[in-house]
Amino acid sequence: VRFAPLLAAYIWQRQPFRLRYVPPRGETPAHIGGTTLFGDNVEDEWFIVYLIREITREFPGLAARIEDNDGEFLLIEAADFLPQWLNPENSENRVFFYKGELHIIPLSETHEQECDLSAASPTVSQALALLSTRSEEFLAAEPIRTAVYKRISGYPEKIQASFHRAHCYLPARIVAVLRQRPSLVAAAVQAFYLRDPVDLRACRSFQTFPPDERVMTVVTFTKCLYAQLVQQKFVPDRRSGYTLPLPSHPQYKAYELGMKLAHGFEILCSKCSKVSTDSKRNALSGPLWERFLRSLKEKNYFKGEMEGSAKYLELLHMAEDYFEQSVTKPESSVEMSPGDEILTLLQTTTIDLEEFEREAACLPPEDDDSWLDITPDDLDQMLKEARNEPVPSSNEEEQKYDLEAVAESMKAFVSKVSTHEGAEMPWSADESHVTFDVDSFTKALDRILGTDSEELDSDDLDEEEEFDFSDGDDEDFDAENQRQDQEESPNELIGSLKAYMNEMDRELAHTNVGRSFTTQKKGASSVNASTSQNAGPDSGAEDTELTPVDVDVNLVTNLLESYRAQSGLAGPTSNILQSMGVYLPENADHIGSNKGARE
């Protein structure tokens, strides 16, 4: 009853939220649980997360876990902040809502505890025992909780914001049904949205909802349902009797929405057998309903509306619908199909056409549906908000982009350890300042290669095979050279490696590859200057061409060229940089063409 006012007014996409007693099975103790098919409206899933959190807050003795067909989707929402040890293989029975907060049971640091958490996953009983005694230790980290709570922020006020009220020109019988069960609009939209040619056979004659007596009314959809209905292009069968005015007609949209919704209701009724009035449930006459209704009044569910008024009756019908669907339906009962429920309501509901026409004369205005149209700028803004990217100011001085940060971020990315599971992404270049020391690099390379640092690469091995037929003197000569190499000091090996690299630079300097790189200005680095001086006496005039390559400038230049080639679309450069917290501005030379391409 605590959450009945929220649930009674909610319109579910496919199935409502229900909890039932589940007997013990195996290692899973007896509990209260349920399954909800949320369909295309993912907000239904997050509303359930909000309800689960509030239930554990309202009843501190309860612990709850929730998952979907993707598994622990709460961890997916906070994937950027999870500890390294947590993965899909060991996350089962570790993520719980307890006392209104998100908890994650970690791996055990010792093996001396009562419950060995070093196993792949604890059992439900072990997890509950730990939560009841040491819940403070298992409270999820602040970034993880923030990411999850942000997704469910705004409830319960967000429920009203998810609705869309639109004018529809409907048969009076459908208007009467929706007055009794507003939630049936979801089943009708789904029936029309997922129709097939067999379903449309029933829409040639319209035995249940003929177009004779139609009135203008206001129908409450969710935004997902409204978008599904309005975006479908559909022409009714001529034999149906449903005709549409010209698109220039001021009420064309109301006629079209009503026609589509009528097709959905007709499809639902065509899939069920006719029911009699005796099948109507009498659950609303028992003491359980009386207690439920009294509790709703105590919680101000009717918001001060006078008993018997139109608004009071609307709220009462929603409460009856929720009570019949969620409270009185036993576990073993066969759920009544939407079509059966519609036919039952038609047999027990009085249709006052004159009253509907009087109400149509003074309908409230429908909601603006401009939210259906999203411009490229709006989409970019939404993506920036989703990534927590700061919105750039109109002040040009605040829109300076540090190209050094681009280079440093890429260096930080390259320095991260990568495995078969992927590469770690640094959030920003400030978190991990990377420097490149040539001497340290060559020493590390020497430790890896050992005394075989002078060994030829794979390309040279092919040339070596050409001399396999030479006499044995060459082998003795090679063995002698190898002994001499072993006697060389590490400094001599490093000098030899540097000389080898300098010789390679001289060869590349005369090719198009060498000329394609941007080099440093003279005097920019004393280390590089000394390197050129140690190149040897044969360098001569070639030293002027051995100016060191400016790694940062070449890196940034290539990144900007790749970013420009994306033409404002997603691509490897923007994806990598954005994952590291670096956002490049739009190319001003291509803004017009980029927006035209996206539109």
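If you're wondering where the values come from, they're calculated on a predicted model, not measured in any experiment.

A. Quick look at the overall build of the protein chain. Helix and strand content of the protein chain: 26 helices and 9 strands. Across the 599 residues in the protein chain, those meeting the buried criterion constitute 34%. About 36300 Å² of surface is accessible on the protein chain, with carbon and sulfur atoms providing 51% of the total.

B. Structural context of the side chain of E45. Residue position: E45 is located in helix α2 (residues 42–58). One buried charged residue, E45, forms no salt bridge at all, with the nearest opposite charge on R151 at 7.2 Å.

C. Up close: the sheet that holds strand β4 (residues 95–98). Pairing is antiparallel across the open sheet formed by 3 strands, whose spatial order is β3-β4-β5. Only two strands of the sheet have a single neighbouring strand rather than two, namely β3 (63–64) and β5 (101–104). Here helix α4 (residues 124–134) sits on the sheet in contact with β3, β4 and β5, set at roughly 45 degrees to β4. Sitting on the sheet, helix α5 (residues 142–151) is in contact with β4 and β5, with an inclination near 135 degrees to β5.

D. A look at the confidence of the model for the protein chain. Predicted confidence across the protein chain gives a mean pLDDT of 77, with 68% of residues reaching 70 or more. Every residue in residues 524–544 is under pLDDT 50, and counting partners more than four places away or in other chains gives 14 contacts. Considering only residues more than four positions removed or in separate chains, one finds that residues 591–599, a stretch of pLDDT under 50, has 10 contacts.

E. Highlighting the packing of aromatic side chains. Scanning the model with the defined rule gives 13 aromatic pairs in all. In textbook terms, an aromatic cluster arises when at least three aromatic residues are bridged by ring pairs, as seen for Y10, W12, F47, Y50 and Y155. The ring of Y149 has R53 lying over it, and the distance from NZ or CZ to the ring centre is 3.7 Å. Stacked on the ring of F192, the Lys or Arg R195 has its end atom at 4.3 Å from the ring centre.

F. Molecular detail of the packing of helix α11 (residues 252–270) against helix α14 (residues 338–348). In contact at an axis separation of 7 Å, α11 and α14 are set at 100 degrees when each is read in the N-to-C sense. Between α11 and α14, the angle falls in the class roughly perpendicular. Across the interface between the two elements, F265, L268 and C269 of α11 pack against P338, G339, I342 and L343 of α14. Of the residues that constitute the contact of α11 with α14, the class distribution is 6 nonpolar, 1 polar and no charged.

G. View of the pairing of β5. As judged from the 4 bridges shared by β4 and β5, these two strands associate in the antiparallel manner. Paired with F97 across the bridge in β5 is L102. Linking two consecutive strands that pair antiparallel, namely β4 and β5, is a turn of 2 residues; a positive phi of about 55 degrees is found at K99 within it.

H. Geometry of helix α25 (residues 572–579). Within the sequence span of α25, burial applies to T573, S574 and L577. End-on, the buried residues of α25 take up no more than an arc of 90 degrees, which puts them together on one face.

I. Spatial organisation of unusual backbone geometry. For the peptide bond that leads from Y155 to P156, omega is 5 degrees, which places it in the cis range. Position of P156 among the secondary structure elements: in the loop between α5 and α6 (157–161). Phi angles above zero are rare outside glycine, and N93 is one such case at about 60 degrees. Residue N93 is classed as buried on the basis of its relative accessible area of 8%.

J. Examining the pairing of β4 more closely. Neither face of β4 is exposed, since V95 and F97 on one face and F96 and Y98 on the opposite face are all buried. Here β3 pairs with β4 via 2 bridges, running antiparallel. Paired with A64 across the strands is F97, a residue of β4.

K. Geometry of the packing of helix α7 (residues 172–180) against α14. For the pair α7 and α14, interaxial distance at closest approach is 10 Å and the crossing angle is 100 degrees. In this view, α7 runs roughly perpendicular relative to α14, as classed from their interaxial angle. Across the interface between the two elements, R173, V177 and Q180 of α7 pack against I342, L345 and L346 of α14. Classifying every residue of the contact of α7 with α14 gives 4 nonpolar, 1 polar and 1 charged.

L. Molecular detail of the nonpolar core. In this structure, F47, L74, F221, L261 and F265 are the most contacted members of the largest nonpolar core, which totals 93 residues. Each of two domains, domain 1 (2–108 + 119–153) and domain 2 (162–275 + 352–361), supplies a minimum of three residues to this core. For L74, the residues in contact, after removing those within four places along its chain, are W46, V49, I66, V95, F97, L102 and V148. Formed by 6 residues, the second largest nonpolar core is a distinct cluster that contains F96, I105, L130 and L131.

Thresholds, definitions, all that
Residues numbered from 1 in each chain as written. Predicted model: local features only at pLDDT ≥ 70, side-chain atom pairs only at ≥ 80, totals over all residues. Heavy atoms only, no water. Helix = DSSP H or I, 4+ residues; strand = E, 2+ residues; numbered from the N terminus. Buried < 20%, exposed > 50% of the residue type's maximum accessible area, 1.4 Å probe, protein only. Areas by Shrake-Rupley, 256 points an atom, 1.4 Å probe, with all protein chains shown as cover. Lys, Arg positive; Asp, Glu negative; His and termini not counted. Salt bridge = Lys/Arg side-chain N within 4 Å of Asp/Glu carboxyl O. Pairing = 2+ DSSP bridges. Contact = heavy atoms within 4.5 Å. Axes fitted to C-alpha atoms, helices over the stretch in contact; angles between N-to-C directions. pLDDT = per-residue confidence, 0-100. Phe/Tyr/Trp six-rings, centres within 6.5 Å; stacked < 30°, edge-to-face > 60°. Lys NZ or Arg CZ within 6 Å of the ring centre and 35° of its normal. Parallel < 35°, antiparallel > 145°, perpendicular 65-115°, else oblique. Nonpolar A, V, L, I, M, F, W, Y, C, P; charged D, E, K, R; others polar. Arc of directions from axis to C-beta. Core = buried A, V, L, I, M, F, W, Y, C linked by side-chain atoms within 4.5 Å. Domains from an automatic or database assignment.

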